[in-house]
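Chain residues, written in single-letter form:
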Amino acid sequence: MRDRAARRLPGFVLAVPAWLWLTVFFVVPFLQVAWFSFGEKPGMFGTHSNAVMSLDRYAEAFSPTFFTIFRATLWMSVLGTVACLLVALPAAYFMALKVPAHRRGLLVALVMVPYWTSFLIRTIGWKVILSSEGALAGFMTDVGLVGDPHDLLNTRGAVLLGLIYNYLPLMILPLYVAFDRVDNALGEASKDLGAGRVRTFFQVTLPLARPGIIAGVVLVFIPMMGDYVTPAVLGGAKGTMVGSLIASQFLTAQNWALGSAMAVVLILLTMVVVVLAIALLWGVGWLVHRRTELVVGTVPPPDPRLPTKEVVTA
Amino acid sequence: MSRPSGTNLALGVWTTLVFVFLFAPIIVIAVYSFNGGRLLTAWDGFSLHPFTAIVERPTVRHTVAVSLQTAVVAAILASALGTLAGMAMARFPGRWTGPFTLLLLLVSVTPEIVDGIALLPWFVTLGQDWSLVPFNNGYVRLIIGHSLFATAVVTYIVRARLVGLDASLEEASADLYARPIPTFFKVTLPLVGPAVLAGGLLAFTLSLDNTVISSFINVSGTTSWPVYVLSSVRSGLKPEIAAVSTILLVFTLLVLGLVARVLKRSGSSVTDTMAVA
């Protein structure tokens, strides 16, 4: 009995410091924010007061002035996530299935280099590229794509570009891992059963990579919604996102109650969209799967996996 | 398998373009760190002046020093907390692991801005309302802010490393009548060494780059390098910012190369570990 207790004790004790640390400096601060969000800003010099509890700050956060920015942020994040997915899919597919195995490690490392270099500095790199003094602006003005060299920076488009750029590695990596795990034999089997390459990709490879797609979408969408640096560097006044809005409530307006309510709304909105996106991706996958089953059903052999193995070993 | 078809060619070209896209701003920053002009965005001839300006400007030196000091302490702190937690998760799983995993997951997915705006009032509550003076110190604030996500990262890496290792060595130690605590220090800790080092170095680079949390909990006098850079986005970016960034970039790449080597030698997959992070 005592021996068992002694063995059990360290296990619990070892995690306690981290648990306490994260509770005191992550959970409790967040609970305080949630508490502030039901309060108000008491006059000019105070930052928050919970003397009167109400949902007024939430009503304020949903007022048209602020809600347009919430809507714009949501749209930019959805667009950015979809664009990341479309850009990353072919690249991850190529890296995992077409590149010789000994070169893949290098390519994955190259994808991670930008991810691990300073986020802020990479965004500033785009500011340099898009600036009105830059070569790109000059070229695009000469060609007539933009009317004025100042049209590139400080726009929604610039922020969207920055978002896609900054989170692309987070999309490529899970997709790469997913494609890497797809058994090549299943694709071969699909082709042996007469499906074309395009059909094999959409009905076999892509559905099998679904967990990676879901992981990538979630990993990219959540930080996009809360991004503060990208709009601050590339957006100017036109490219404001919720992050900048919340920041200004805390740093400039000194209205902690309203800023807290906005932060809570941001988190709830993000969670709702993530749940919807996962449901949607599963639903689409399920529909494709059902169609695939029907198609397979008309072909004589009942289980496609058995002939696959024979083909591979032969 | 590698039939040279039009599709494969198109995929190859697309992938190349993606890599060009990924590296374009980094190359631009490296090139513009030799910009002789007064403002970063306007190129005005090749010059080494941005690099000499680093030495001349005390603000630049001071903010970089703040960042490096913070990063060292935050990395050590996160490594200590994360190593213990990771070992506990791998070796002593129980009813507590579920909620703890959820906590780590929340720490990892919460946007930094939420951490930042939550920590700012919390430090004010602790430091001013409750008179716990240390929390008014800029270094303390930065170290705490940077340690949160980093602790989760180290925990994941250490846990992944230990789960992949057989527990029989520790059991052997116990069978030979070593008490749990000596077993921990003499057997388990050496086993997780490489993972701790890798996690610690990642925590270091994460802290070095942290912009969002730092800018909220910033105390004047202990402004970190990224916060200084972010503030100069508004006041005017100078070429020496690119110069410092290039130096830090080379430094970070060296650190990452070291992490990759350490992990490779210890046998765990670099890809998996970093993907987790």
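By the naming in an unreviewed UniProt entry, chain B is Spermidine/putrescine ABC transporter permease, taken from Nocardioides luteus. For the record of chain B, the UniProt heading Subcellular location (unreviewed entry) holds the text "Cell membrane". Under the UniProt heading Sequence similarities (unreviewed entry), the note attached to chain B is "Belongs to the binding-protein-dependent transport system permease family. CysTW subfamily."

The name an unreviewed UniProt entry gives chain A is Spermidine/putrescine ABC transporter permease, with Nocardioides luteus as the organism. What UniProt records for chain A under Sequence similarities (unreviewed entry) is the sentence "Belongs to the binding-protein-dependent transport system permease family. CysTW subfamily." In UniProt, chain A has this text filed under Subcellular location (unreviewed entry): "Cell membrane".

Q: How would you summarise the overall build of chain B if you had to cite specific residues and measurements?
A: On a plain count of helices and strands, chain B comes out with 12 helices and zero strands. Listing the helices and strands of chain B from first to last along the sequence gives α-α-α-α-α-α-α-α-α-α-α-α. With the C-alpha coordinates of chain B rotated into their principal frame, the extents come out at 70 × 70 × 30 Å. Counting only contacts in chain B whose residues sit at least 6 apart along the sequence, the fraction spanning at least 24 positions is 78%.

Q: An account of the overall build of chain A is needed here, citing residue identities and associated values.
A: If you tally the helices and strands in chain A, you get 14 helices and zero strands. Taken from the N to the C terminus, the helices and strands of chain A come in the order α-α-α-α-α-α-α-α-α-α-α-α-α-α. A total of 314 residues make up chain A; the buried ones form 42% of that total. A separation threshold of at least 6 residues defines the contact pool for chain A, and within that pool the share at least 24 residues apart is 72%.

Q: Could you give me a rundown of helix H5 (residues 119-130) of chain A, with the residues and numbers involved?
A: Because an α-helix completes one turn every 3.6 residues, residues spaced three or four positions apart along the sequence face the same direction. Residue and element names in this part refer to chain A. Here H5 contains 12 residues, and its C-alpha end-to-end distance of 17 Å stays within 8% of the 16 Å for a straight helix at 1.5 Å per residue. Judged by how many residues are buried, H5 sits mostly within the fold: 12 of 12 residues are covered. Listed in full, the buried residues belonging to H5 are Phe-119, Leu-120, Ile-121, Arg-122, Thr-123, Ile-124, Gly-125, Trp-126, Lys-127, Val-128, Ile-129 and Leu-130.

Q: Quick one: what's the story with the UniProt feature "transmembrane region" (unreviewed entry) in chain A, residue by residue and with numbers?
A: All names here are of chain A. Cross-referencing UniProt, the feature "transmembrane region" (unreviewed entry) maps to residues 12-35, 72-94, 106-125, 158-179, 200-222 and 263-288 in the present numbering. Secondary structure content for residues 106-125 is 90% helix and 0% strand, and the end C-alpha separation is 24 Å. Taken end to end, residues 200-222 comprises 96% helix and 0% strand; its first and last C-alpha atoms sit 31 Å apart.

Q: Outline the UniProt feature "transmembrane region" (unreviewed entry) in chain B, supporting the account with residue identities and numerical values.
A: Residues and elements named next belong to chain B. Sites flagged by UniProt as "transmembrane region" (unreviewed entry) map to residues 12-34, 66-90, 102-124, 139-158, 187-208 and 241-260. This span, residues 12-34, is 91% helix and 0% strand, and a straight line between its end C-alpha atoms measures 33 Å. In the segment residues 241-260, helix accounts for 100% and strand for 0%; the C-alpha atoms at its two ends are 28 Å apart.

Q: Tell me what's going on with unusual backbone geometry, and back it up with residues and numbers.
A: Residues and elements named next belong to chain A. A positive phi is found at Asn-154, a non-glycine position, where the angle reads about 60°. Tracing the backbone through its elements, the reader meets Asn-154 in the loop between helix H6 (135-143) and helix H7 (156-181). Residue Asn-154 is classed as buried on the basis of its C-beta count, with 21 C-beta atoms lying within 10 Å. The phi dihedral of Gln-254 is positive, around 55°, even though this residue is not glycine. For Gln-254, the position within the fold is in the loop between helix H12 (242-251) and helix H13 (256-298). Residue classification places Gln-254 among the partly exposed positions, given that 15 C-beta atoms sit within 10 Å.

Q: Can you explain the UniProt feature "domain: ABC transmembrane type-1" (unreviewed entry) in chain A? Please cite residues and give values.
A: Mapped onto the present numbering, the UniProt feature "domain: ABC transmembrane type-1" (unreviewed entry) falls at residues 70-277 of chain A. For residues 70-277 of chain A, helix accounts for 80% and strand for 0%, while the C-alpha atoms at its two ends are 18 Å apart.

Q: Now, about the nonpolar core: what can you tell me, with residues and values included?
A: Within soluble globular proteins, side chains that are nonpolar tend to cluster in buried spots. The biggest cluster of nonpolar side chains holds 157 residues, and the ones touching the most others in it are Ala-92 and Leu-175 of chain A. When neighbours within four sequence positions are excluded, Ala-92 of chain A is seen to be in contact with Ile-172, Leu-175, Tyr-176 and Phe-179 of chain A.

Q: Please provide a residue-by-residue account of helix H4 (residues 97-109) of chain B, values included.
A: All names here are of chain B. With 13 residues, H4 ought to run about 18 Å at 1.5 Å a step, and its terminal C-alpha atoms sit 18 Å apart, in line with that. Residues Phe-100, Leu-104 and Val-107 constitute the buried set of H4. In a view along the axis of H4, the buried residues occupy a sector of 60°, so they form one face of it. Residues of H4 that are exposed and angled more than 90 degrees away from the buried face: Gly-98, Pro-99, Leu-102 and Leu-105.

Q: Describe in detail the UniProt feature "domain: ABC transmembrane type-1" (unreviewed entry) in chain B, supporting the description with residues and values.
A: As annotated in UniProt, the feature "domain: ABC transmembrane type-1" (unreviewed entry) corresponds to residues 64-260 of chain B in the numbering used here. Counted over residues 64-260 of chain B, helix gives 82% and strand 0%. Its end C-alpha atoms are 25 Å apart.

Rules behind the numbers
Residues numbered from 1 in each chain as written. Chains lettered and ligands numbered in written order. Predicted model: local features only at pLDDT ≥ 70, side-chain atom pairs only at ≥ 80, totals over all residues. UniProt positions renumbered as here; feature names shortened; annotations may be inferred. Helix = DSSP H or I, 4+ residues; strand = E, 2+ residues; numbered from the N terminus. Contact = placed C-beta atoms within 7 Å. Buried ≥ 20, exposed ≤ 12 C-beta atoms within 10 Å, placed from the backbone. Expected span 1.5 Å × (residues − 1). Core = buried A, V, L, I, M, F, W, Y, C linked by C-beta atoms within 7 Å. Arc of directions from axis to C-beta.

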